[in-house]
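Now for the letters of each chain:
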Amino acid sequence: MPEIQLREGERIDDLQVAGFRIIQHPGRFRFGTDAVLLQNFARLPARARAVDLGTGTGILPILLCARDPAVRFEAVELQPACADMASRSVALNRLEDRIRVHTMDLKDAPDRLGHSAFDAVLCNPPYGKRGGALRNPRDELAIARHEIATDLAAVVRSAAALLRNGGRFFLIHQADRLPEIARRLHEAGAPLKRVRLVHTSLERRAHLVLCEAVRFAGEGCIVLPPLLLQDAQGQPSQELLRIYQGERTV
């Protein structure tokens, strides 16, 4: 196993899949359930060339490389500290030939990585609507959670520009922003084709939505059965447990 230097406050966590691990900082941005749900939802074509916009610590490319031995990723991250952690996690897992980490604004990704060049784009973006949520007082967390450095419109524009004809865009976001998501995707020429709402339980309204859009696709959208995160006893649902074990459920 390669020797990887940890910065102050960092730790290495076991991802419990394919022997892969990831470097995280408990006091800074760490991946959550959202990223795990998105990687389960994503359907990548064989030998896909993919982009992860706002990769954070690199969790999505690493998990998807564990699932698909042929996929290759360009991982885009604005914050140098997160990009540094992602790069070292890539090296830790010996994935340098499959994941390249780029420190840049996602709006610049099409010009720097290639227009209409990719089979898939994924994004777990900041959810807090610009001007509509309190910012986290810590800048790194604020940028990760609120639309400060980017917004939904910029994410969709970049994703659409990166995708080839028929390429797929996978997104997780707040459920109450689904109308805006659908409108932005339609305007960008990548209409919604598959949607799944995420509920803590059926007694609660959906709080997240998983979306798949296809570049230059026709009309029609499949709405999948809801994903429940808890069972009737308030424990993690069987599907959520299967997702964390690396099983495909959709």
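About the cut-offs
Residues numbered from 1 in each chain as written. Predicted model: local features only at pLDDT ≥ 70, side-chain atom pairs only at ≥ 80, totals over all residues. Heavy atoms only, no water. Salt bridge = Lys/Arg side-chain N within 4 Å of Asp/Glu carboxyl O. Helix = DSSP H or I, 4+ residues; strand = E, 2+ residues; numbered from the N terminus. Buried < 20%, exposed > 50% of the residue type's maximum accessible area, 1.4 Å probe, protein only. Core = buried A, V, L, I, M, F, W, Y, C linked by side-chain atoms within 4.5 Å. Contact = heavy atoms within 4.5 Å. Phe/Tyr/Trp six-rings, centres within 6.5 Å; stacked < 30°, edge-to-face > 60°. Lys NZ or Arg CZ within 6 Å of the ring centre and 35° of its normal. Axes fitted to C-alpha atoms, helices over the stretch in contact; angles between N-to-C directions. Parallel < 35°, antiparallel > 145°, perpendicular 65-115°, else oblique. Left-handed = near helix turned anticlockwise from the far one by under 90°. Nonpolar A, V, L, I, M, F, W, Y, C, P; charged D, E, K, R; others polar.

Chemist: What exactly am I supposed to notice about the pattern of salt bridges here?
Modeler: As a working rule, side chains carrying opposite charge can pair if their charged atoms are close by. Taken as a whole, this structure holds 15 salt bridges when the rule is applied. Here Arg7 and Asp84 are joined by a salt bridge, their closest N and O atoms 3.2 Å apart. You can see Arg7 sitting in the segment before strand E1 (11-14) and its partner Asp84 sitting in helix H3 (residues 80-92), a full 77 residues away along the chain. Residue classification places Arg7 among the partly exposed residues on the basis of a relative accessible area of 35%. The closest approach of N and O atoms between Arg88 and Asp84, which form a salt bridge, is 2.8 Å. Of this pair, Arg88 and Asp84 both sit in helix H3, four residues apart, roughly one helical turn. Take Arg88: its relative accessible area is 9%, and that puts it in the buried class. For Asp84, a relative accessible area of 26% translates into the label partly exposed. Three or more residues joined by partner-sharing salt bridges are found here, namely Arg7, Glu10, Asp84 and Arg88.

Chemist: Where do I start with the nonpolar core in this structure?
Modeler: A general trend in soluble globular proteins is that nonpolar side chains are found buried together. Counting residues in hydrophobic clusters, the biggest one holds 35 residues, and the most contacted among them are Leu37, Leu44, Phe73, Ile99, Leu122, Phe170 and Leu210. The set of elements that each furnish at least two residues to this core consists of helix H1 (33-41), helix H2 (59-67), strand E4 (72-77), strand E6 (118-123), strand E7 (163-174), strand E9 (208-214) and helix H8 (238-244). Ignoring anything within four residues of it in the chain, the contact list for Leu210 reads Leu37, Leu38, Phe41, Leu171, Ile172, Arg194, Val195, Arg196, Val198 and Leu227. Judged by nonpolar contacts, the second largest core, of 31 residues, contains Met104, Val155, Leu162 and Ala190.

Chemist: Whenever I open this one, the packing of aromatic side chains confuses me. Can you help?
Modeler: For any two aromatic rings, the description comes down to two numbers: the centre-to-centre distance and the angle of the planes. For the structure shown, the criterion picks out one aromatic pair. Look at Phe41 and Phe170: their rings are 6.3 Å apart centre to centre, the planes differ by 85 degrees, and that puts the pair in the edge-to-face class. One end of the pair, Phe41, is in helix H1; the other, Phe170, is in strand E7, and 129 residues separate them in sequence. Taken as a pair, Phe41 and Phe170 share a single burial class, namely buried. For the cation-ring pair, Arg194 lies above Phe41, with the distance from its terminal atom to the ring centre recorded as 4.0 Å. Over the aromatic face of Phe216 sits the side chain of Arg215, whose NZ or CZ is 4.1 Å from the ring centroid.

Chemist: Before we go on, may I ask you to explain H2 in this structure?
Modeler: Taking burial as the measure, the nine residues of H2 include seven buried ones, the bulk of the element. Within the span of H2, buried status applies to Ile59, Leu60, Pro61, Ile62, Leu63, Leu64 and Cys65.

Chemist: Explain the packing of H1 against H2 here, please?
Modeler: Two quantities define a packed helix pair, namely the angle between the axes and the distance from one axis to the other. Between H1 and H2, the shortest axis-to-axis distance is 10 Å and the interhelical angle comes to 40 degrees. Comparing their axes, H2 and H1 come out oblique. In this structure, H1 meets H2 at a crossing whose hand is right-handed. Counting all contacts with H1, which are made through Ala35, Leu38, Gln39 and Asn40, the residues of H2 involved are Ile59, Leu60, Leu63, Leu64 and Arg67. Of the residues in the contact of H1 with H2, the class split is six nonpolar, two polar and one charged.

That is the geometry; function is a separate question.
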